[in-house]
Amino acid sequence: MIFKDVYFLGSDNAVHRGDIAVRDGVIVYTGERAPVGDYGEVIEGKPRLVLPGFVNAHCHVPMTLLRGYGEGLPLDRWLYERIFPFEAEMTEEDVYWGSLVGIAEMLTSGVTSFTDMYSFCGSVCRAVELSGIKANVSRGLLSLDGGALRDSQGFYETEQLFADWNGAADGRIIADASIHAEYTSHPEFVRELAGFARSRDAGIHIHLSETRKEHNECVERHNMTPTQYFEHCGVFESRVTAAHCVHVTGEDMALLARHKATAAHCPTSNLKLGSGIAPVPAMIKTGVAVALGTDGASSNNNLNMLEEIHLAALIHSGVAEDSAILPPGETLQLAARNGALSQGRENTGVIDAGYKADFAVLSLDSLHLQPLHDILTGAVYAAQSGDVEMTVVDGKILYRDNRVQTFDVREAVEKATAAAHRIARLLP
Ligand SMILES: [Zn+2]
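Nothing here was measured: the structure is a model prediction, and the numbers come from that model.

(A) Structural context of the pairing of strand β10 (residues 204-208). A large share of β10 lies buried, amounting to 5 of its 5 residues. Burial along β10 is two-sided: the residues I204, I206 and L208 and H205 and H207 are all buried. Pairing analysis gives 3 bridges linking strand β9 (residues 173-179) to β10, with the strands arranged parallel. In the sheet register, I179 faces β10, and the bridge partner there is I206. Where β10 lies against strand β11 (residues 240-244), 5 bridges are found, and the strand directions are parallel. If you follow H207 over to β11, its bridge partner there is A243.

Here you go:
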């Protein structure tokens, strides 16, 4: 395909105008005018902004089934009293349909890849495979009873995930290891899983210092912060995505930076659940890679990455009383390139020759973008997910003109809705 005469975010983080040519899923040209040739479909004729595809760096995609369920509780009560009992009733098929709904929703806001933590990972992977999106999928392991890793059902499922799906769908699916959190684990369990991840050269996905209570209780239990606890267990010897990082200390930040871990910043979830606001500018200053995530649909309550971009850009300016603390170009970099790197995907997240053709294509003709002096501030502060005209993964258009191209969204919504209501009826 070739995009002719579009605006695009270049590798220098500035907006350029010209052509983007793609062959075999890879960008072969960016610049003023592509050499004459047959690139396949020609996309031209209206004002468009092509951005590197967004990476949702922290998600629980099947949790679309729990959207709006168990509202109004603090995180610990919400988890133990509402979420865990609901999840105990979910089947493999429920997870599949819930995942398809979540993926469809992500495609409508320009998401080309996501990092997920859940159970029934085979169902998540089947949905990813069908949809054409990319994902790093992991089974979130918990050890509430203090049992050994090797005896746990979750570890069995992790091994299955790696055997069946790692590198599947032309490399679109990557299997990661995962520990849910410090407060749902014990050190020996974590140490063993870290060893497993090292032996597979795999990434690890965790929740980290999401709430003040979690952070302080860990310090009481182990005389260590959650970050120190995971370092102590060997987790940071692998590529780590640490979701939230709301209550990390200065020392924690230095530790995360030293180990090249990525903090997945989830502003909506943290605000909604009353967890706080992550010290993103301080993390960036300390050298921590920060990416953006939506978290699950039940703690957000949507999977709209443009909203996370908008919110991240706003709240840190407000907290720091400095409107330049997280400029639009940098915010978009958190949403795309940093997310891609957190997934171990070096070959995407940049619009330049040689990188994968993963794009969020925004139409620039809607009313709230008229007139427009500055395209990047338009994308970050004014654009809505309805402006996403196309989502492209590996050069394939997965979403276009309000339609997901790869599967029947209406069927997925019907099946997911039936599952959600069936489970809700079973519970008090
Ligand atoms: Zn989460």
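So much for the structure itself; the text now carries on.
(B) Representation of unusual backbone geometry within the structure. Of the consecutive residues N300 and N301, the connecting peptide bond is found in the cis state with omega at 15°. Residue placement: N301 occurs in the loop between β13 (289-292) and α11 (305-320). Even without being a glycine, D295 presents a positive backbone phi close to 65°. Structurally, D295 can be placed in the loop between β13 and α11. In this model, D394 sits at a positive phi of 50°, which is unusual for a non-glycine residue. Topologically, D394 is positioned in the loop between β15 (388-393) and β16 (396-400).

(C) Seen up close, the state of the cysteines. Inspection of the entire model under this criterion finds 0 disulfides. Between C59, a free cysteine, and C266, which holds the nearest cysteine sulfur, the sulfur-to-sulfur gap is 9.1 Å. By relative accessible area, which is 0% here, C266 ends up buried.

(D) Focus on the sheet that holds strand β6 (residues 54-59). Reading across from one edge, β6-β7-β8-β9-β10-β11-β12-β13 is the order of the 8 strands in this open sheet, with parallel pairing throughout. The strands lining the two open edges of the sheet, one partner per strand, are β6 and β13. Ignoring strand direction, the axes of neighbouring strands in this sheet form an average angle of 25°. In terms of strand pairing, strand β12 (residues 262-265) meets β13 through 4 bridges, oriented parallel. Bridge pairing in β13 links A263 to V290. Packing of helix α2 (residues 92-107) onto the sheet brings it into contact with β6 and β7 (111-118), and relative to β7 it is tilted by some 145°.

Calculation rules
- Residues numbered from 1 in each chain as written.
- Predicted model: local features only at pLDDT ≥ 70, side-chain atom pairs only at ≥ 80, totals over all residues.
- Heavy atoms only, no water.
- Buried < 20%, exposed > 50% of the residue type's maximum accessible area, 1.4 Å probe, protein only.
- Helix = DSSP H or I, 4+ residues; strand = E, 2+ residues; numbered from the N terminus.
- Pairing = 2+ DSSP bridges.
- Disulfide = S-S within 2.5 Å.
- Axes fitted to C-alpha atoms, helices over the stretch in contact; angles between N-to-C directions.
- Contact = heavy atoms within 4.5 Å.

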